[in-house]
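Each chain, written out:
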Amino acid sequence: MSRFLARTAELRQSAANLHEPRALAGAAMLAALHLVLNQFTIPVSSVLEIGFDFLTVAATGYLYGPWVAGLSGFATDVLGYLLRPNGPYFPGFTLSAILLGMVYGLFYYRRPVSVGRIVCTKLCVMLLFNFFLTPLWLHIMYGQAFVILSQVRILKNLVKFPVDVALAYMVLRLCQRQQAQRPAL
């Protein structure tokens, strides 16, 4: 019960970050970096890209929690679409961006950085977003076969998985060190 109460307090603190100028400024800088990284995706096919903008979402979730990361996901999705539209706007992708930020925040906020935690988070993200929601949104938008879309993504995600875990570990360890050195206000 005490773990539940402690986690609830941490989530309340994450919501309080929505009113903290330092948190909002940090999240805004990470959102801007996200938009820059989003411009440098590697197109594999018309429905498949490789990108590294997830690192900024993970860092936002780690530093500021699920509420700020979810709000940042909303902002980066809408602004990213305005900067580089890739087909018609679809609100399902905005929902995915919000949920993705919240997932990273729930897994990482005020938690120690570990390879195991990153692997679990990446597996959850891969299954929920890369193999389910994104193909579902593409199926709704374009009518392409849901199963075929998921199969194309399996190879990309299997190849990219260890690279993503290693990069996330390095970025989150850097965030952890910076957070430990930051003076309290």
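For the structure itself, look to the data block above.
Anyway, here's the lowdown on the structure attached to this text. (Residues numbered from 1 in each chain as written. Predicted model: local features only at pLDDT ≥ 70, side-chain atom pairs only at ≥ 80, totals over all residues. Heavy atoms only, no water.)

## A look at the nonpolar core
As a reminder of what qualifies: Put simply, a nonpolar core is a bunch of buried Ala, Val, Leu, Ile, Met, Phe, Trp, Tyr and Cys residues held in one set by side-chain atoms that sit within 4.5 Å of each other. Burial classes follow relative accessibility: with a 1.4 Å probe on protein chains only, a residue under 20% of its type's maximum area counts as buried, one over 50% as exposed, and anything between as partly exposed. The helix and strand labels rest on DSSP assignments: H or I over at least four residues marks a helix, E over at least two residues marks a strand, and numbering proceeds from the N terminus. Between two residues, a contact is recorded if the distance between any of their heavy atoms is within 4.5 Å.
Ranked by size, the top nonpolar core spans 30 residues in total, and within it Tyr62, Tyr64, Tyr104, Tyr108, Ile118 and Leu172 carry the most contacts. Only helix H2 (21-38), helix H3 (54-83), helix H4 (91-108), helix H5 (115-142) and helix H6 (146-181) provide two or more residues apiece to this core. With nine residues, H3 is the single largest residue contributor to this core. Discounting residues that sit within four places of it in the chain, isoleucine 118 has contacts with Tyr108, Val113, Val165, Ala168, Tyr169 and Leu172.

## Quick word on the environment of asparagine 17
For asparagine 17, the location among the structural elements is in the loop between helix H1 (2-16) and H2. Its relative accessible area of 8% is what places asparagine 17 among the buried residues.

## Topic: the pattern of salt bridges
Pairing between side chains of opposite charge can happen when their charged atoms approach one another. The test is simple: Within this document, salt bridges are pairs made up of a side-chain nitrogen of Lys or Arg and a carboxyl oxygen of Asp or Glu, the two lying within 4 Å of each other.
Here the structure, examined in full by the defined rule, presents three salt bridges. Glutamate 10 is the salt-bridge partner of arginine 111, the closest N and O atoms lying 3.3 Å from each other. In this pair, arginine 111 is assigned in the loop between H4 and H5 and glutamate 10 in helix H1, connecting sequence segments 101 residues apart. Aspartate 164 serves as the salt-bridge partner of lysine 160, at 3.0 Å between the closest nitrogen and oxygen.

## Here we look at the packing of H4 against H5
The cut-off we apply is this: Note on geometry: axes are lines fitted to C-alpha atoms, helical ones only across the stretch in contact, with angles between N-to-C directions running from 0 to 180 degrees. Here the angle decides the label: under 35 degrees means roughly parallel, over 145 means roughly antiparallel, 65 to 115 means roughly perpendicular, and every other value means oblique. Polar here means any residue outside two lists: the nonpolar Ala, Val, Leu, Ile, Met, Phe, Trp, Tyr, Cys and Pro, and the charged Asp, Glu, Lys and Arg; Gly therefore counts as polar.
Contact pair H4 / H5: the axes reach a minimum separation of 11 Å and the direction vectors enclose 170°. In this view, H4 runs roughly antiparallel relative to H5, as classed from their interaxial angle. Among the residues forming the contact of H4 with H5, the class breakdown is 17 nonpolar, four polar and two charged.

## Comments concerning the side chain of threonine 76
Within the secondary structure layout, threonine 76 lies in helix H3. Residue classification places threonine 76 among the buried residues on the basis of a relative accessible area of 7%. Contact partners of threonine 76, with chain neighbours within four places excluded, come to Ala31, His34 and Leu35.

So far we have only geometry, and geometry alone does not tell us how the molecule works.
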